[in-house]
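Inside the fold
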Amino acid sequence: MLGNGEVVGKLETSWDALLGHGNEPFDISFPPVRGVRPCLTLKATVLHSSDNRGSALLDSITESEIARETDAGHERFATYVTSKTVSYLNDAIQHFQSVLDQCLVGHPDRAEALTNLAWARLQGYIRNDFQDIDSVASLFREALTLRPEGHPNHPLSIYHLVKALIWRFSKEKITAYIHEAAHLCCKLLPLCPEGTYISSIAAGANGVDYVIGECNKLSVEGSDEDVHIRRVVLELCPLGNKHRPRALDKLGWALRSRFEQRGSTDDLDESIQCQREAVSLCSEGDSERDSYLNNLALSFWFRFNHQGNHHDLNDAISLYEESLRLRPVGHKSRHFSLNNLGLALFTRFNQSGGVDDINRSISLLREALTLRPPGNPYRNNTLNNLATALNTRYDKLDVSKDLNEAIDLFRDSLQLRQHGHPYHHQALYSLSSALSSRFTKTQKNEDVEEAIRLCQESLEALPSLHPARYFSYMWLQVAYLSRYRVQRKSADLSLAVENFRLASRHPTQGFPERIIEAYNWTVAGEQHGHGSALEAYSTFFELLDAHLATRSSAISRREAAATFYYARTLPVDAGSCGIRRHNLQRAIELVEQGRGQQWSLASRLRTPLEDLVSTNPNIAHKFSELSKRLADVQGSTGSADRATADRAAMQYRRLQEEWGAVVAKIHDLKGFSRFLLPPSYEDLQAAARHGPVIIFIASEYSCSAIIVPTSGEPHNVPLPSITLTELKNLKDRFARAIRDASTLGPKVPRNDLIVLLRTVWDEIMLPIVNVLEHVLNLKRHSRIWLCPTADFTSIPLHAAHPFLTKPDGSGKEPCLEDLYICSYAPTLSALVRSRQMMKKRARPSFVAIGQGQPRAGESKELLAVDSEIELVRELVPAMVNRTTISGDVQQLVPVTVNRTTISGDAATRAGALQALEENNWVHLACHGKQDPKQPYNSHFVMKDEPITLLDIMEKDIPHAEFAFLSACHTAVGDKETPDEVIHLAAGLQFSGFKSVIGTLWEVNDAYVEHVVKAFYENMFKGGVMDCTRAAWALNRATHAVKTKVPLEQRMVFVHIGV
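Since we're looking at a predicted model, the values are computed, not measured. (Residues numbered from 1 in each chain as written. Predicted model: local features only at pLDDT ≥ 70, side-chain atom pairs only at ≥ 80, totals over all residues. Heavy atoms only, no water.)

**Considering the overall build of the chain**
- Broken down by element type, the chain carries 44 helices and 18 strands.
- Taken over 1058 residues, the chain has a buried fraction of 54%.
- Partitioning the intrachain contacts of the chain with sequence separation of at least 6 by distance along the chain shows that 69% fall at a separation of at least 24.
- Total accessible area computed for the chain in this model is approximately 46000 Å², and 52% of it derives from carbon and sulfur atoms. (Helix = DSSP H or I, 4+ residues; strand = E, 2+ residues; numbered from the N terminus. Buried < 20%, exposed > 50% of the residue type's maximum accessible area, 1.4 Å probe, protein only. Contact = heavy atoms within 4.5 Å. Areas by Shrake-Rupley, 256 points an atom, 1.4 Å probe, with all protein chains shown as cover.)

Next up, the structure:
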């Protein structure tokens, strides 16, 4: 076999040792070379002169032209290595070239001949004696093709080619060479067993380590190729490798850069994963720790801007603070930390309005600017950031001196970010923003004209899907709208609206920014009476829905919604807008779309699929499986460990995308085009199948009611005597009156409450009753459903009463509950869903759960609970009649009721939850507590631990029918998102209970039994067990106990559902 041209070691032995083997062939092994035992072994035998066969063999070897040329080449090359005389290298190359000329394609020694020639040429290139590295690489590549995977010299050929590429890169710094070297190293390392010579040379400073180091030095571009090569480098750095932290950091950086260009959340999530691991691998005293902290913080900051999770912003600020501490005054990188922390504090100011944040932000950015004097490559970035902070402080805090300074700084930044600069577009629209602000103040036309031109230029500089186009559209909208407000030209308003539309619908920008723009669009549409206002509301709800869908738990969805606290009135404002535009159907759709998003998002995973199964069972199965996986993964996203929670959130988002793709396929099926989309008016009208639904709209623009009839068009009922301010006042007065009434004796008149209930009758319910009676011709004692919004949710509408005697003295004027059987509906969709699930009816089983003695310190003792539970047990019949449906025929069938009670020590969290799942009729007597700050923590108090609203929501009990919640505050909504009906009664309805009795405020233990007794006596009258009788039974019960129970304790009970 021909040699490879490298002297790796020398072997010395004696003649006696060689001749001592006799006539048998034997092996000669080399001693360790550079501490590594070579894999080369020589085969030898002793030949005697009398052995004619051996003599012929020697003659054959000696006379071999290839062998002689090869030996001569090695001899000349070895001399060149020691003497550095170029003539010896020329001779060696001539000999090796002669050998290659004789080893034509197909010759068994061609690979070795190629390698010898290439290696000699490479040494000459290394010493600047030749400049033909391309031909050297070509020779090594051909040798590699002749030594495919599995060939004993395949690893060595890879190594040789890597060496050639390394040397070519070292001379010319062309990235393609180091990229190819990295890919080859990934193939080489698995083929180099630990302890072998090839392993020692491949992994050393002149091999793989060099490739890793040089790749890590390459500038980050964020292209697909850039991300790919950094993945390759990371593959070269397994756990324990000293280069792994840097490789992780660089990959994270590249992914973040690609996110900036394309807006993919997956890139940002992976970036954080990589950089979080880099920080974890970096000890406290490591010189690189400050950089890794800074880079991780930057990724968190980007993700906050894209997704709006406040944890990300807080994490970014904490990491920046730690990085700054590691970069004291005089540190070469201090300016990075100052700039980045200043920007993060500015971001937090925009969220929370803390004056300290904006002032400290400006202070840090000024210090950073002093450390980035003219000529510093990062000066333009700090100029822009400082100008942005000053401009924002001017806009929000009216610090007048900031505006002109901001404009000057923006102009300086633009000078440093000329056409071709990667952030030229940012400099353009940033200056535009400040000029628009100054135009609003001075009304100088040249400012707004320049602002418009700059934004148009920034759009020209960006590709169509670049995330930053959002900001160009946004600031262009601001400029046009500013000019419209001064000059009142309708064309400017139209252009502003078009840019509202483009910005809010720009697909690669994150949802939070687009939601804000859609909100601003609604405000502008209302202020200026533009016809796009309804479109703006619809866009806002669509974006918010999509944003909340990316959150993997009910709590995180509520937190995300509460971030847009300023938009909490939009559902009712949208309804009011639809009314004022004489589009009542659209008003109903928007109110429904805007309210109850928490419930609708959660219920998507529990959608009945009977129709879909019959149409396409395969896609129905896929949808069902993905829905189950999404539901299962929700629990893991609440981990206290941020890294674990992030991984779970990533998994949820990917499943959500897969689930969304299946939903899109379902939309293509005939008859399923609106599957899981916001319901249309026709869908929602199904809620009024058994009686009209009245939606109460409380908006700053108007207060009114919309009646959804069983069939036909909806009816608007203006409430001209009620304004939003008066409604808020009425709500507060009710709260005081009910609180005061609880201190009065049972026989003392509730005069304050009577006055308020008369106001509700006169100003709110009487106009509605007039339409019900005289327009819809609704018969007395028919059922109606009340669907209040905003502050209407805090007013006992069902208890409206004129408290008047009839003009002829024949008796008292009827109140609302004399006229109709009232129920409440959290949303129309919830009522429709409950009706759909009524098809599933199981054998009745009734459980009464009572807990009057919670654990010490939890709540006061409820002395009447045990007697209430016993009373309920006695009132529930052992045998009842149940309605069954056979074809089109309904009939009553006698069935046995399974009755159980749980109380005392048995009424634990686990025991009560199990009872809720196993029974379809439930009576719950205990303390109920509404958590105003986090409604999902609202709970029923048990012996050990409470049953929270989240616990209830996690249960899917489609067979459940009725629940009586004899506890306080079970039907009180969420203060943070008042148009979200998040309370215990709604939670039970969501989990499957179609009909629920709940309470609006605190119940008095002394009166509950009277109401409970009267209710169940009416509920089971005639031996019928039907949950749709609950509203009627409650109506009869409150009438029956008038002489025993004071007014506020009769009003407290409400019916929700079918």
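**Overview of the pairing of strand β8 (residues 845–850)**
- Most of β8 sits out of view: six of its six residues are buried.
- By the bridge criterion, six bridges tie β8 to strand β11 (residues 898–903) in an arrangement that is parallel. Following the sheet pairing, Val 847 is matched in β11 by Thr 900.
- The pairing of β8 with strand β12 (residues 921–925) spans five bridges and is classified as parallel. For Phe 846, the partnering residue across the bridge sits in β12 and is Trp 921. (Pairing = 2+ DSSP bridges.)

**A word on helix α10 (residues 208–217)**
- Burial analysis of α10 places seven of its 10 residues in the buried class, the great majority of the element.
- Within the sequence span of α10, burial applies to Val 208, Tyr 210, Val 211, Ile 212, Glu 214, Cys 215 and Asn 216.

**Topic: the packing of aromatic side chains**
- Using the criterion set out here, one finds 26 aromatic pairs in the structure.
- Centroid distance Phe 540 to Phe 541: 5.8 Å. Interplanar angle 80 degrees. Geometry classified as edge-to-face. Pair check on accessibility: Phe 540 and Phe 541 agree, each one buried.
- Linked through ring pairs, Phe 846, Trp 921, Phe 962, Phe 964, Phe 1015, Tyr 1016, Phe 1020 and Phe 1053 together constitute an aromatic cluster.
- Over the face of the ring belonging to Phe 336 we find Arg 372, whose NZ or CZ atom lies 5.2 Å from the ring centre.
- Of note, Arg 835 hangs over the ring of Trp 785, and the distance from its end group to the ring centre comes to 4.9 Å. (Phe/Tyr/Trp six-rings, centres within 6.5 Å; stacked < 30°, edge-to-face > 60°. Lys NZ or Arg CZ within 6 Å of the ring centre and 35° of its normal.)

**Quick look at the environment of Thr 79**
- Tracing the backbone shows Thr 79 in helix α3 (residues 65–83).
- Note: C-alpha distance between Thr 79 and Leu 89 (10 residues apart in sequence) is 8.3 Å.
- For Thr 79, the contacting residues outside a window of four places in its chain are Lys 84 and Tyr 88.

**As for the packing of helix α22 (residues 469–487) against helix α24 (residues 511–527)**
- Contact pair α22 / α24: the axes reach a minimum separation of 12 Å and the direction vectors enclose 15 degrees. By the angle class used here, α22 and α24 are roughly parallel. In the packing of α22 onto α24, the handedness of the crossing is left-handed. Residues Tyr 470, Phe 471, Met 474, Gln 477, Leu 481 and Arg 485 of α22 lie in contact with α24, whose contacting residues are Glu 513, Arg 514, Glu 517, Ala 524 and Gln 527.
- Residue classes in the contact of α22 with α24 are distributed as five nonpolar, two polar and four charged. (Axes fitted to C-alpha atoms, helices over the stretch in contact; angles between N-to-C directions. Parallel < 35°, antiparallel > 145°, perpendicular 65-115°, else oblique. Left-handed = near helix turned anticlockwise from the far one by under 90°. Nonpolar A, V, L, I, M, F, W, Y, C, P; charged D, E, K, R; others polar.)

Interpretation note: all reported values are geometric properties and have no functional meaning in isolation.
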